[in-house]
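Descriptive structure summary
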Amino acid sequence: MIVSFLIGLLIGILYFGGLYYTTQKFNHVKSPGLFMILSFIFRMGILLTGLYYLAQAGFKNILLGFLAIMIVRMIMVSKIKKDPSKPDTKRE
(Lines give C-alpha, C1' and ligand atoms only; values in the text may rest on other atoms or scores of the structure.)
Protein backbone atom coordinates (compact mmCIF):
# COMPACT_ATOMS: atom_id res chain seq x y z
CA MET A 1 0.00 0.00 0.00
CA ILE A 2 2.86 2.38 0.77
CA VAL A 3 4.43 1.48 -2.57
CA SER A 4 1.19 2.44 -4.35
CA PHE A 5 1.18 5.82 -2.62
CA LEU A 6 4.83 6.41 -3.57
CA ILE A 7 4.15 5.41 -7.17
CA GLY A 8 1.24 7.85 -7.18
CA LEU A 9 3.52 10.60 -5.89
CA LEU A 10 6.02 9.86 -8.65
CA ILE A 11 3.29 9.85 -11.31
CA GLY A 12 1.93 13.15 -9.99
CA ILE A 13 5.36 14.77 -9.95
CA LEU A 14 6.07 13.63 -13.52
CA TYR A 15 2.61 14.63 -14.79
CA PHE A 16 2.25 18.03 -13.17
CA GLY A 17 5.97 18.80 -13.33
CA GLY A 18 5.81 18.08 -17.05
CA LEU A 19 2.79 20.34 -17.37
CA TYR A 20 4.61 23.14 -15.58
CA TYR A 21 7.68 22.64 -17.78
CA THR A 22 5.51 22.70 -20.90
CA THR A 23 3.81 25.94 -19.95
CA GLN A 24 7.15 27.58 -19.14
CA LYS A 25 8.68 26.61 -22.51
CA PHE A 26 5.52 27.23 -24.53
CA ASN A 27 6.59 30.65 -25.86
CA HIS A 28 10.12 29.51 -26.69
CA VAL A 29 9.45 26.72 -29.19
CA LYS A 30 8.90 26.96 -32.94
CA SER A 31 5.58 25.10 -33.02
CA PRO A 32 3.81 25.47 -29.68
CA GLY A 33 0.77 23.46 -30.78
CA LEU A 34 2.85 20.39 -31.59
CA PHE A 35 4.81 20.87 -28.38
CA MET A 36 1.60 20.91 -26.31
CA ILE A 37 0.19 17.84 -28.06
CA LEU A 38 3.39 15.83 -27.65
CA SER A 39 3.67 16.88 -24.02
CA PHE A 40 0.07 15.84 -23.38
CA ILE A 41 0.59 12.45 -25.04
CA PHE A 42 3.79 11.83 -23.07
CA ARG A 43 2.25 12.90 -19.74
CA MET A 44 -0.95 10.92 -20.37
CA GLY A 45 1.13 7.86 -21.27
CA ILE A 46 2.95 8.10 -17.94
CA LEU A 47 -0.33 8.58 -16.06
CA LEU A 48 -2.19 5.72 -17.72
CA THR A 49 0.76 3.33 -17.53
CA GLY A 50 1.19 4.04 -13.85
CA LEU A 51 -2.50 3.64 -13.08
CA TYR A 52 -2.61 0.43 -15.12
CA TYR A 53 0.28 -0.89 -13.07
CA LEU A 54 -1.53 0.03 -9.86
CA ALA A 55 -4.74 -1.61 -11.13
CA GLN A 56 -2.96 -4.94 -11.26
CA ALA A 57 -2.65 -4.83 -7.46
CA GLY A 58 -6.30 -3.99 -6.79
CA PHE A 59 -8.81 -1.20 -6.37
CA LYS A 60 -7.40 0.11 -3.09
CA ASN A 61 -4.04 0.67 -4.72
CA ILE A 62 -5.58 2.70 -7.54
CA LEU A 63 -7.34 4.88 -4.97
CA LEU A 64 -4.12 5.41 -2.99
CA GLY A 65 -2.22 6.26 -6.16
CA PHE A 66 -4.92 8.68 -7.25
CA LEU A 67 -4.94 10.29 -3.80
CA ALA A 68 -1.18 10.79 -4.03
CA ILE A 69 -1.52 12.32 -7.50
CA MET A 70 -4.12 14.78 -6.19
CA ILE A 71 -1.90 15.67 -3.22
CA VAL A 72 0.94 16.49 -5.61
CA ARG A 73 -1.46 18.61 -7.66
CA MET A 74 -2.62 20.59 -4.62
CA ILE A 75 0.95 21.17 -3.46
CA MET A 76 2.13 22.30 -6.89
CA VAL A 77 -0.84 24.62 -7.38
CA SER A 78 -0.26 26.24 -4.00
CA LYS A 79 3.47 26.69 -4.66
CA ILE A 80 3.09 28.03 -8.21
CA LYS A 81 -0.02 30.17 -7.70
CA LYS A 82 0.64 33.81 -8.52
CA ASP A 83 -0.83 36.83 -6.81
CA PRO A 84 -3.34 38.29 -9.34
CA SER A 85 -2.74 41.81 -8.04
CA LYS A 86 0.92 41.72 -9.13
CA PRO A 87 1.56 42.29 -12.83
CA ASP A 88 3.48 39.69 -14.79
CA THR A 89 6.71 41.44 -15.86
CA LYS A 90 8.24 38.46 -17.68
CA ARG A 91 6.03 38.60 -20.77
CA GLU A 92 7.74 38.83 -24.11
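Refer to the structure presented above.
Residues numbered from 1 in each chain as written. Predicted model: local features only at pLDDT ≥ 70, side-chain atom pairs only at ≥ 80, totals over all residues. Heavy atoms only, no water.

**Regarding the overall build of the protein chain**
If you tally the helices and strands in the protein chain, you get three helices and zero strands. A fraction of 68% describes how many contacts in the protein chain between residues 6 or more apart in sequence connect residues 24 or more apart. Element-wise, carbon and sulfur atoms account for 70% of the exposed surface of the protein chain, whose accessible area totals about 7200 Å². (Helix = DSSP H or I, 4+ residues; strand = E, 2+ residues; numbered from the N terminus. Contact = heavy atoms within 4.5 Å. Areas by Shrake-Rupley, 256 points an atom, 1.4 Å probe, with all protein chains shown as cover.)

**Re the nonpolar core**
Grouped together as the largest cluster of nonpolar side chains are seven residues: Ile11, Tyr15, Phe16, Leu47, Ile69, Val72 and Met76. Every element with two or more residues in this core is listed here: helix 1 (2-25) and helix 3 (59-80). Non-local contacts of isoleucine 69, meaning those with residues more than four positions away in its chain, are made with Gly8, Ile11, Gly12, Phe16, Leu47 and Leu51. (Core = buried A, V, L, I, M, F, W, Y, C linked by side-chain atoms within 4.5 Å. Buried < 20%, exposed > 50% of the residue type's maximum accessible area, 1.4 Å probe, protein only.)

**A word on a nonpolar patch on the surface**
Judged by side-chain polarity, Leu34, Ile37, Leu38, Phe40 and Ile41 come together as a nonpolar surface patch covering roughly 500 Å² of accessible area. Structurally, phenylalanine 40 is set in helix 2 (residues 32-55). Looking at phenylalanine 40, the relative accessible area reads 42%, which means it is partly exposed. (Patch = residues over 30% accessible without salt bridge, like charges linked within 9 Å, V, L, I, M, F, W, Y side chains within 5 Å. Salt bridge = Lys/Arg side-chain N within 4 Å of Asp/Glu carboxyl O.)

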